[in-house]
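Letter by letter, the chains look like this.
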Amino acid sequence: MIRAIMHGCNGRMGQVITGLVKADEAIEFVAGIDTYTGLANDYPVFDSIEKCDVKADVVIDFSNAAAADELLDYCVKKQIPVVLCTTGLSEEQLAKVEEASKKVAVLKSANMSLGINLLMKLLKDATKVLAPAGFDIELVEKHHNQKLDAPSGTALALADSINESMNNEYTYVYDRSQVRKKRDQKEIGISAVRGGTIVGDHEVIYAGADEVIEFKHTAYSKAVFGKGAVEAAKFLAGKPAGRYDMSDVIQF
């Protein structure tokens, strides 16, 4: 049984992951960290990770950027691998992630969904076949009306996976309204839709002469990110120091 610490245990995702782990026979939570300790959990909860003296094999982090530095210091000190799911890290913090990964296993991905990361692998293979055959590539992403950034980080990660498979020959186009010209063959159009309560919808379109191939991923709840984090934790426990991402978790 893998022993895990949930960093940010009383937040929304922390509670989702707590439920997922409770139903998983391969992993258990032995401690949680959260500044709010008002919720009852089946494991002890500390208001600071420095106060946690429970032995563990891995940490799952879904907290906030302000807590990232202390978390990384703790994991390096205790030599505990960490699945870092918190977003919005500064450039300095991202540099600290890379530095920490030289001393302990750190897994960080743009999106924790198993489906999205599998899609990234499939897109690389599809692009190598379809792009040389003259297919145009377009991405359409849809999210709820409260999302502040556009395009989504996941859409950019999908575009990057496509571009990497073609030696980064493509440019990204976000708005065609300002220029009147035909699309370039070496461009990837990325469109953003915002409305309602859409959790996350990403569609990749390969449009060729007389045929269209589409890849689509739809997230119906944020639980998909929690499931990916749990699988990542099970993968990362016991791994040597290094920088990992979800592509390492999905092997085929």
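Residues numbered from 1 in each chain as written. Predicted model: local features only at pLDDT ≥ 70, side-chain atom pairs only at ≥ 80, totals over all residues. Heavy atoms only, no water.

*Asks:* Would you mind showing me how to read the overall build of the chain here?
*Replies:* Along the chain, the regular secondary structure elements total seven helices and 12 strands. In terms of overall size, the chain behaves like a compact globule, its C-alpha atoms giving a radius of gyration of 20 Å where 252 residues would be expected to give roughly 18 Å. Along the longest, intermediate and shortest principal axes, the C-alpha atoms of the chain span 60 × 40 × 35 Å. Going through the 252 residues of the chain one by one, you find that 46% of them count as buried. Within the chain, contacts between residues at least 6 apart in sequence are counted, and of these 68% link residues at least 24 apart. Within the structure as shown, the chain displays about 12,800 Å² of accessible surface, and the carbon and sulfur contribution to it stands at 51%. Computing the positive centroid from 29 side-chain charges and the negative centroid from 36, the chain places the two 0 Å apart. (Helix = DSSP H or I, 4+ residues; strand = E, 2+ residues; numbered from the N terminus. Rg over C-alpha atoms; globule rule 2.2 N^0.38 Å. Buried < 20%, exposed > 50% of the residue type's maximum accessible area, 1.4 Å probe, protein only. Contact = heavy atoms within 4.5 Å. Areas by Shrake-Rupley, 256 points an atom, 1.4 Å probe, with all protein chains shown as cover. Lys, Arg positive; Asp, Glu negative; His and termini not counted. Charge placed at Lys NZ, Arg CZ, Asp CG, Glu CD.)

*Asks:* Mind showing me how you'd approach the pattern of salt bridges here?
*Replies:* When their charged atoms lie close together, side chains carrying opposite charge are able to pair. Applying the stated criterion across every chain yields a total of 19 salt bridges. Lys186 is the salt-bridge partner of Glu169, the closest N and O atoms lying 2.8 Å from each other. Placement of Glu169 in the loop between α5 (153-165) and β8 (171-173) and of Lys186 in the loop between β8 and β9 (187-194) is noted, with a sequence separation of 17 residues between them. For Glu169, a relative accessible area of 39% gives the class partly exposed. The exposure class of Lys186 is partly exposed, given its relative accessible area of 36%. Among the ionic pairs, Lys216 bridges to Asp201, the shortest N-O distance being 3.7 Å. Here the residue Lys216 occupies a position in strand β11 (residues 211-219), and Asp201 occupies one in strand β10 (residues 200-208), the gap between them amounting to 15 residues. (Salt bridge = Lys/Arg side-chain N within 4 Å of Asp/Glu carboxyl O.)

*Asks:* Help me out: how do you make sense of the side chain of Asp201 in this one?
*Replies:* Residue Asp201 is classed as buried on the basis of its relative accessible area, which comes to 8%. Side-chain polar atoms of Asp201 contact the side chain of Thr218, separated by 3.1 Å. Not counting residues within four places of it along the chain, the set of residues in contact with Asp201 comprises Val140, Glu141, Lys142, Lys216, His217 and Thr218. (Polar contact = N/O pair within 3.5 Å; in protein donor to acceptor, adjacent residues only side chain to side chain.)

*Asks:* What's the story with helix α6 (residues 223-236) in this structure? I'm lost.
*Replies:* In an α-helix, one turn spans 3.6 residues, which is why side chains three or four residues apart end up on the same side. Taking 1.5 Å per residue, 14 residues should reach 20 Å; α6 reaches 20 Å between its end C-alpha atoms and fits that length. All of the buried residues along α6 are Phe225, Gly226, Gly228, Ala229, Val230, Ala232, Ala233, Phe235 and Leu236. Following α6 by one or two positions, Gly238 adopts a phi angle in the positive range, close to 85°. (Expected span 1.5 Å × (residues − 1).)

*Asks:* Help me understand the sheet that holds β11, please; the structure alone is not making it clear to me.
*Replies:* Adjacent strands of a sheet pair through backbone hydrogen bonds, lying either parallel or antiparallel. A sheet is described by the order of its strands in space; here five strands give the open sequence β8-β9-β7-β10-β11, paired in mixed fashion. Strand pairing shows two members of the sheet lacking a second neighbour, β8 and β11, which therefore form its edges. Across the sheet, the mean angle separating the axes of adjacent strands is 20° when strand polarity is ignored. By the bridge criterion, seven bridges tie strand β7 (residues 136-143) to β9 in an arrangement that is parallel. Along β9, the bridge assignment pairs Ile137 with Ile188. Along the sheet, helix α4 (residues 114-130) makes contact with β7, β10 and β11, crossing β11 at roughly 170°. (Pairing = 2+ DSSP bridges. Axes fitted to C-alpha atoms, helices over the stretch in contact; angles between N-to-C directions.)

*Asks:* Mind showing me how you'd approach helix α2 (residues 68-78) here?
*Replies:* For α2, every residue scored as buried is listed here: Ala68, Leu71, Leu72, Tyr74 and Cys75. Down the axis, α2 shows its buried residues gathered within 160° of arc, on one side only. In this fold, the buried residues of α2 make contact with β1 (2-7), β4 (58-61), β5 (82-84) and α3 (91-100). (Arc of directions from axis to C-beta.)

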